[in-house]
Every structure is written in C-alpha cells, then in structure tokens.
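Listed below, chain by chain, are the residues.
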Amino acid sequence: GEALAVSARVAPLGSRLVLLLVEDLTEARRIEAVRRDFVANVSHELKTPVGALSLLSEAVMDASEDPEAVERFAGRMQIEATRLTSLVQEIIDLSRVQNDDPLEDAEPVRIDELVAEAIDRCRHQAGSKQITMAAAGAAELKVWGNRGQLAAALGNLVENAVNYSPARTRVGISARRVAQPSGDLIEVAVTDQGIGISDKDKERIFERFYRVDPARSRQTGGTGLGLAIVKHVAASHGGEVTVWSSEGQGSTFTLRLPEAGAARDRALQHPDLD
Ligand code: ADP
C-alpha cells in the first residue's frame, strides 16, 4: 500500500533510508492500530455499566409500588456507578502515565512511604478478609522517580494481591537493594497466597483490559487496567515488572526500579558538574 509507494519513490536515495522509512510507517501503523483497539475497548467497557444503569433505572420505575424491590435495584445501581467511577479513574490514570514524562518531576522517593500508602489503601478490604499484610526491608531505600506514579504502581500490585487471595492468607511486601554495574536497583516484591496465574495467562495479564476471569474481576471491581499501568510506570522509569506464579499457590510480582543513589542526587543538585 502506501508504505510501498513511498519506498519506491525514495529508492534511489539508498536502501538503508528506504528501510528506515518503511519501518517508520509500519511502526506508525502499529501505534494507530493499538490506539484504535484501545478506543474500541474503552467504549465497550463503558457501555457495560452504563447499560446496566439504564436497565436498573427502568426497573426502579416499574417497581415503584414495591419498596423492597426499589431498594434492591438502587443498591445495584450504586455498585454499577462505583464501577463506572473507578473505570473512568483508571482510564485517566493510564492516559496520564502514558503521556507524561515521569522523570520531569522525578525525586528520590522513599520505599517505606510507598509501602505504607499501598497498605493503607487496601486496609479495609484486607481487614474484611482477615488477610495479614507484612512489610520488610523497605527502611532507608529510595528510588528515583515520580512519586504519584510509583504510588499508583505499588498500590495496584498490593490491591491485586488482596483481591485475588482467599480469606485468612498473608500478603508480604519486601524490598531490597540489588547491586548492578550500571547503577543499583531497588527490588520490591509483592507476594500472595492467592489463586495464582497460569503460564498462558502470565503472558497477557499486562495487556490493557485483559482479565483471566472477567466475572471474578468484575466482582472485585477490577478494570483490567491495573497491571497495564504498573508495566508502563516501571518501563518509563527505566525499570521493569515481572511475575512468578504457581496456580492455586500464589504469585509474586516484582518491581525493579533505579535507586535514588548518591550519584544521581549530586547530579541533580549540581547539574553542571561532571
Ligand atoms: P484487574 O483490575 O482485573 O485486577 P489487572 O490489570 O490489575 O486488572 O490484572 C489483570 C488480571 O491479572 C486480573 O484480572 C487477574 O486475572 C490477574 N491477576 C492480577 N494480579 C493477580 C494476583 N496477584 N493473583 C492472581 N491473579 C492476578
């Protein structure tokens, strides 16, 4: 198509340039296709709770003579409205982490603060399932990055650990420094004793809107965007997120991020030196 026509026109300029151009166009096409897919997925995801709300409001009107039914339908409307709110919020979060350069307002961020925030965010849900949360090793460790984005990433991992675990289990969060020739890394691991993830699903859970079990994810208020956000935050910080899991036994998600080391802090305070 278009890519070939362009390459034919510039062919005399040399095959390397042609190759670059064709690659560029292919990449542009790919990005455009991904964007179109995303918009289609968003519309579909939004239509589900909106459709439910519309049906439920009709049901409320029809049941106006029956106060008990009205209350039941109203309760379900509230659940759908909450779902819609968190879906919209996660779509906004995802687009923010995709569009903002996280390192523009990067700073040293204390891991123990991120861990405390993440635990706080899930306290209510963990409490109602009697899940014990334990943190270790985070004192003194700092990563380099955007505070809000890092908090969202770790928060999502801890939230998932609680969501996909049965009652009376344990969620552990541990942090350590890993020496690397190219600059030390901080590793934060979130371990649960939950349902686990099959090898087949492991490859896909970081995709936007992918859920292993949509019914279960809906129940817990999941949007399918959490891990896509985590993956994006990790990558844009020069880090990564990986998963280890055994079905029926549990999972460990590990975030690796560049440490806010002495060298980086100095470079920030005296940008002219070295
Ligand atoms: P969701 O909002 O559905 O939790 P995520 O993007 O956070 O979306 O996760 C994608 C899917 O990965 C989830 O629907 C779930 O099936 C699976 N998953 C994520 N974390 C865990 C975990 N700790 N244990 C088991 N399954 C998990």
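In this report, we go over the structure that sits alongside the text. Keep in mind that this is a model prediction, so the values were computed, not measured.

**Describing the packing of helix H4 (residues 111-128) against helix H5 (residues 147-163)**
Direction vectors running N to C along H4 and H5 enclose 40°, while the axes themselves pass 8 Å from each other. Considering the relative orientation of H4 and H5, their crossing is right-handed. On H5, the residues that touch Glu113, Leu114, Val115, Glu117, Ala118, Arg121, Cys122, Gln125 and Ala126 of H4 are Arg147, Leu150, Ala151, Ala152, Leu154, Gly155, Asn156, Val158, Glu159, Val162 and Asn163. Among the residues forming the contact of H4 with H5, the class breakdown is 11 nonpolar, four polar and five charged.

**Section: the pattern of salt bridges**
The full count for this structure, using the stated rule, is 18 salt bridges. Its salt-bridge partner being Arg110, residue Asp112 comes within 2.7 Å of it at the nearest N-O pair. Asp112 sits in the partly exposed class, given a relative accessible area of 24%. Taking the relative accessible area as the measure of exposure, Arg110 reaches 39% and is therefore partly exposed. Note that Arg204 is salt-bridged to Glu207, the shortest N-O span being 2.9 Å. Within this structure, Arg110, Asp112, Glu113, Glu117 and Arg147 form a network of salt bridges that share partners.

**Remarks on the site of the ligand**
Close contacts around the ligand come from 20 residues, with Asn160, Tyr164, Asp192, Ser217 and Thr223 the closest. Tyr164 places a side-chain nitrogen or oxygen 2.8 Å from an oxygen atom of the ligand. In isolation the ligand has 530 Å² of accessible area, and contact with the protein removes 97% of it. When grouped by side-chain class, the residues that make up the shell around the ligand number 10 nonpolar, eight polar and two charged.

**Considering a negative patch on the surface**
Taken together, the side chains of Asp100, Asp101, Glu104, Asp105 and Glu107 define an acidic patch exposed on the protein surface. In this fold, Asp100 is placed in the loop between helix H3 (67-99) and strand E1 (107-110). Take Asp100: its relative accessible area is 41%, and that puts it in the partly exposed class.

**Regarding the packing of aromatic side chains**
The final tally for this structure, using the stated rule, is two aromatic pairs. For the ring pair Phe38 and Phe209, a centre distance of 5.9 Å and an interplane angle of 25° mean the geometry is stacked. Of the two residues, Phe38 sits in helix H2 (residues 15-62) while Phe209 sits in the loop between helix H6 (199-202) and helix H7 (214-219), which places them 171 residues apart along the sequence. The ring of Phe73 has Arg72 sitting right over it, with the charged end atom 5.5 Å from the ring centre.

About the cut-offs
Residues numbered from 1 in each chain as written. Predicted model: local features only at pLDDT ≥ 70, side-chain atom pairs only at ≥ 80, totals over all residues. Heavy atoms only, no water. Axes fitted to C-alpha atoms, helices over the stretch in contact; angles between N-to-C directions. Helix = DSSP H or I, 4+ residues; strand = E, 2+ residues; numbered from the N terminus. Left-handed = near helix turned anticlockwise from the far one by under 90°. Contact = heavy atoms within 4.5 Å. Nonpolar A, V, L, I, M, F, W, Y, C, P; charged D, E, K, R; others polar. Salt bridge = Lys/Arg side-chain N within 4 Å of Asp/Glu carboxyl O. Buried < 20%, exposed > 50% of the residue type's maximum accessible area, 1.4 Å probe, protein only. Near = heavy atom within 4 Å. Polar contact = N/O pair within 3.5 Å; in protein donor to acceptor, adjacent residues only side chain to side chain. Areas by Shrake-Rupley, 256 points an atom, 1.4 Å probe, with all protein chains shown as cover. Patch = residues over 30% accessible without salt bridge, like charges linked within 9 Å, V, L, I, M, F, W, Y side chains within 5 Å. Lys, Arg positive; Asp, Glu negative; His and termini not counted. Charge placed at Lys NZ, Arg CZ, Asp CG, Glu CD. Phe/Tyr/Trp six-rings, centres within 6.5 Å; stacked < 30°, edge-to-face > 60°. Lys NZ or Arg CZ within 6 Å of the ring centre and 35° of its normal.

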